[in-house]
Amino acid sequence: MKQQVLQRNGTIISQALAGSGGATGMERSHSGVARKGAGVGSGDVELINLIKAFGTMRAVDDISLHIPGGEFFSLLGSSGCGKTTTLRMIAGFEQPSSGQILLDGVDMTGTPPHRRHVNTVFQNYALFPHLNVFDNVAFGLRRARIDPAQVRRRVGEALELVQLTAFEKRKPAQMSGGQQQRVALARALVLKPAVLLLDEPLGALDARLRKQLQVELKTLQQQVGITFIYVTHDQEEALTMSDRIAIMSNGHIEQVATPQEMYEAPATVFVADFLGVSNLMEATSLGLDARGHCRIKLGSFDLLAERGAAPGGNTKATIRPERVRLEPHGSAAGENRIPGMVERWVYLGNAVQLIVRLATGVTIQALMQNSGDEIPYAAGTPVQVHLPPAALRILTDTGVKLASEIAATE
C-alpha cells in the first residue's frame, strides 16, 4: 500500500491512517487477527548508536536505548533536547544520519512509516474535520479494506475503550479538547499497533484536564498492554504515567530510570535540577569514611552524605526540600545541622514552602506538609536546619547547562 499523506495546517498525517504491520511481514485477515505463522510483535524497541544531524548540529547524538514490549516509556526534556526528533525517527518521519532502530529485533531504519507496526498520536490530534468520530476512527481500517462488519465491531470496541460510544456521530469541532484526544487515541489503537508513539498529546489541554487524562492514559495502556513511547516536557506527566523515564539534554540521554529512582537518586546535577525541586549546593569532598559514605564541607560545616560519592575536591550536594528538617533555634547540636534563618514562606495549599538562608550564606528551600496548624515560622525566625545524611546526595556534574540557569537568562 502506498503511503497516504494528508497535509493540513503544516502537519503530516500518515502512517497512523494508512494501516500498520507491514514492517514485520505480518499478514492480517479481515478480522484483524494475525494469521497463523505470521507472529505477533511484542513491541520491543531498541535504538543503537542513533544520530540525527541537521547540518553541523546533532539533534540526537549517539543514543542507545532499549524499551521492552508493554512498557510505558517517557522521553522527558526541555525544548530542543532531541526527544521529538527521536520519536519521529522511530515513527519513520525522520531518517537517522546513522545508527539503527530495531522493532522486535527487525531493523526498521530504512523502512517507510506506513510499513512500520507503530502508530502516532500527535499533539494537535490531526483529526479529519469533515468526518465524524466513527469515520475518523474507521479510516485506517477502511484503507486496509477490512470487512465492514469487522470495522463496525473494532471501532465500537475502540470507542468503548476510550468511553466515547455515545459520541460516534459528532464532528471533531463539536467536541472538547479532551474528547478529541480520546478520538485520536482510539484511531491509533484500532489498528492494533505493537508500539504507540505519543507526541505531547496533553500539551494543549488545561491543567485540570491534563491531570485527569494522565491517570486515564496510564489505565488505558495497562488495559491494551502495548508499548507506549511518550514525549513530554512536563515532569508531572512523566512521573505519573511512566514505567521508566529517559531524561534528555542536548541530544544526549542523561539518565534512564524508574520515576522513583529518577527522583530519589538522580545520577547527575542536570537530572536533579531538571526533575522536581532540588537544593543544589557547592561543596568540597573530603573523601569517604570507613562505611564508604562521603564526607563533605559546606562552608565551615562538616557534613555526611550517604548517597553518591566523590573522590575529593569541588563537588555538588543536593537534598530535596521535603527532606529538609527545621528545628527550633537552640536545639541540641548534632550531625548535619547548620544554623539558619527563615527569609519568607509561601502557602501552597497542601504544603508550605519555606525559604531559609543557612549560616554558610546558601539559600535553600524546605517543604512542610499542611497539617492545619498555624505556620510556626515567620520571616526572620532563627532555626536549626537538619540535612539528614540519608537524604543528602553527592552528584556528578556533566557540564550541561542547567534548566534553572537557562531560565535565569531568559
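Residues numbered from 1 in each chain as written. Predicted model: local features only at pLDDT ≥ 70, side-chain atom pairs only at ≥ 80, totals over all residues. Heavy atoms only, no water.

1. Quick notes on the nonpolar core
1) Next: Counting 38 residues, the largest nonpolar core has Val137, Val155, Leu185, Leu196, Leu198 and Leu217 as the members making the most contacts within it.
2) Next: Of the residues forming this core, the biggest block, 6 residues, is contributed by helix 5 (residues 177-189).
3) Next: Not counting the four nearest positions on each side in its chain, Val155 is found in contact with Phe134, Val137, Ala138, Leu141 and Val190.
4) Next: Of all hydrophobic cores here, the second largest spans 28 residues; its members include Val45, Met89, Met108 and Ala246. (Core = buried A, V, L, I, M, F, W, Y, C linked by side-chain atoms within 4.5 Å. Buried < 20%, exposed > 50% of the residue type's maximum accessible area, 1.4 Å probe, protein only. Helix = DSSP H or I, 4+ residues; strand = E, 2+ residues; numbered from the N terminus. Contact = heavy atoms within 4.5 Å.)

2. So, the packing of helix 3 (residues 133-143) against helix 5
1) Next: Contact pair helix 3 / helix 5: the axes reach a minimum separation of 7 Å and the direction vectors enclose 30°. Considering the angle they form, helix 3 stands roughly parallel to helix 5. The handedness of the crossing between helix 3 and helix 5 is right-handed. Between helix 3 and helix 5, the residues in contact are Val133, Asn136 and Val137 and Val183, Ala186 and Arg187, respectively.
2) Next: A per-class count over the contact of helix 3 with helix 5 returns 4 nonpolar, 1 polar and 1 charged. (Axes fitted to C-alpha atoms, helices over the stretch in contact; angles between N-to-C directions. Parallel < 35°, antiparallel > 145°, perpendicular 65-115°, else oblique. Left-handed = near helix turned anticlockwise from the far one by under 90°. Nonpolar A, V, L, I, M, F, W, Y, C, P; charged D, E, K, R; others polar.)

3. Quick notes on the side chain of Ser278
1) Next: On the secondary structure map, Ser278 appears in the loop between helix 9 (269-274) and strand 13 (279-288).
2) Next: At 2.8 Å, the side chain of Ser278 and the backbone oxygen of Ala272 are in polar contact.
3) Next: Residues within four places of Ser278 in sequence aside, it is in contact with Ala272, Thr318, Ile319 and Arg320. (Polar contact = N/O pair within 3.5 Å; in protein donor to acceptor, adjacent residues only side chain to side chain.)

4. Topic: the pattern of salt bridges
1) Next: The full count for this structure, using the stated rule, is 17 salt bridges.
2) Next: The shortest N-O distance in the salt bridge between Asp135 and Arg142 comes to 2.8 Å.
3) Next: Asp135 gets classed as partly exposed once you look at its relative accessible area, which sits at 21%.
4) Next: Taking relative accessible area as the criterion, Arg142 reaches 43% and is therefore assigned partly exposed.
5) Next: Between Arg182 and Glu216 there is a salt bridge, with its nearest N and O atoms 2.8 Å apart. Of this pair, Arg182 sits in helix 5 while Glu216 sits in helix 6 (residues 207-224), placing them 34 residues apart in sequence.
6) Next: Ionic contacts of the salt-bridge type, sharing partners, join the residues Lys52, Arg88 and Glu94 into one network. (Salt bridge = Lys/Arg side-chain N within 4 Å of Asp/Glu carboxyl O.)

5. Let's talk about the confidence of the model for the chain
1) Next: Of the residues in the chain, 86% have a pLDDT of 70 or more, and the chain-wide mean is 85.
2) Next: Mean pLDDT values over the elements of the chain span from 37, in strand 1 (residues 6-8), up to 97, in strand 5 (residues 72-76).
3) Next: The model gives residues 1-40 a pLDDT under 50, and that stretch makes 89 contacts with residues more than four places away or in other chains. (pLDDT = per-residue confidence, 0-100.)

6. As for the packing of aromatic side chains
1) Next: The tally for this structure, following the rule as stated, stands at 5 aromatic pairs.
2) Next: A ring pair is formed by Phe128 and Phe139, whose centres lie 4.8 Å apart and whose planes are at 40°; its orientation type is tilted. With a gap of 11 residues between them, Phe128 in the loop between strand 8 (118-121) and helix 3 and Phe139 in helix 3 connect regions that are remote in the sequence.
3) Next: For Phe128, a relative accessible area of 6% corresponds to the buried category.
4) Next: Judged by centre distance (5.8 Å) and plane angle (10°), the rings of Phe270 and Phe274 are stacked. With Phe270 and Phe274 both in helix 9, this residue pair falls 4 residues apart, about one helical turn. For the pair formed by Phe270 and Phe274, the shared burial category is buried.
5) Next: The structure contains a cluster of three or more aromatic residues connected by ring pairs, namely Phe72, Phe228 and Tyr230.
6) Next: Here the basic side chain of Lys52 rests over the ring of Phe54, its NZ or CZ set 5.1 Å away from the ring centre.
7) Next: Over the ring of Tyr263 we find Arg320; its NZ or CZ atom is 4.0 Å from the centre of that ring. (Phe/Tyr/Trp six-rings, centres within 6.5 Å; stacked < 30°, edge-to-face > 60°. Lys NZ or Arg CZ within 6 Å of the ring centre and 35° of its normal.)

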